[in-house]
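Listed below are the residues making up each chain.
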Amino acid sequence: MPTARIIETDRKTTQSGRAKAGKWTLEFESDRAQRHDPLTGWVGNANTATQVRLAFATKEAAIAYADKHGFDYHIVPAPPVKLKLQAYADNFR
């Protein structure tokens, strides 16, 4: 069975709001080693499951999908957001 990663979408560095944070993505891990193509210089393998990404609104929905289809999975939570609060006057100290 393929192994899936369930990843929490984190806030991008350039975003100040949390509009798209908290969504979950299911993607498959590669079970084969990648091979180098000498003609093009690209790296790849014959397993196309690694190209599939499924989006879910909640973690429970992603887990239910993985359980329904019999995928082994592990959950990768988003790193905690550290806010650096400072005043404009701190630029001149």
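The rules behind these values
- Residues numbered from 1 in each chain as written.
- Predicted model: local features only at pLDDT ≥ 70, side-chain atom pairs only at ≥ 80, totals over all residues.
- Heavy atoms only, no water.
- Pairing = 2+ DSSP bridges.
- Helix = DSSP H or I, 4+ residues; strand = E, 2+ residues; numbered from the N terminus.
- Axes fitted to C-alpha atoms, helices over the stretch in contact; angles between N-to-C directions.
- Contact = heavy atoms within 4.5 Å.
- Core = buried A, V, L, I, M, F, W, Y, C linked by side-chain atoms within 4.5 Å.
- Buried < 20%, exposed > 50% of the residue type's maximum accessible area, 1.4 Å probe, protein only.
- Salt bridge = Lys/Arg side-chain N within 4 Å of Asp/Glu carboxyl O.

Examining the sheet that holds strand 1 (residues 3-8)
(1) Moving on: Overall, mixed pairing links the 4 strands, which are arranged 5-2-1-6 in an open sheet. The open sheet has two edge strands with one neighbour each: strand 5 (53-56) and strand 6 (72-76). Across the sheet, the mean angle from the axis of one strand to that of its neighbour is 25°, orientation sign disregarded.
(2) Moving on: Pairing analysis gives 5 bridges linking strand 1 to strand 6, with the strands arranged parallel. The residue of strand 6 that forms the bridge with I7 is V76.
(3) Moving on: Docked against the sheet, helix 1 (residues 59-69) engages strand 1, strand 2 (24-28), strand 5 and strand 6, running at close to 165° with respect to strand 6.

Side note on the environment of P77
(1) Moving on: In this fold, P77 is placed in the segment after strand 6.
(2) Moving on: C-alpha of P77 to C-alpha of W24: the two residues are 53 residues apart in sequence and 9.1 Å apart in space.

Considerations on the nonpolar core
(1) Moving on: Counting residues in hydrophobic clusters, the biggest one holds 10 residues: A4, I6, W24, L26, F28, F56, A62, I63, A66 and F71.
(2) Moving on: Those residues in contact with F71 that sit more than four places away from it in its chain are P2, F28, Y65 and A66.

Things to note about the pattern of salt bridges
(1) Moving on: Per the stated rule, a full pass over the model turns up 4 salt bridges.
(2) Moving on: With a closest N to O distance of 3.2 Å, R5 and E27 form a salt bridge. Separated by 22 residues along the polypeptide, R5 in strand 1 and E27 in strand 2 bring together distant segments of the chain.
(3) Moving on: Looking at R5, the relative accessible area reads 27%, which means it is partly exposed.
(4) Moving on: Take E27: its relative accessible area is 11%, and that puts it in the buried class.
(5) Moving on: What you see here is one network of salt bridges that share partners, running through R5, E27, E29 and R53.

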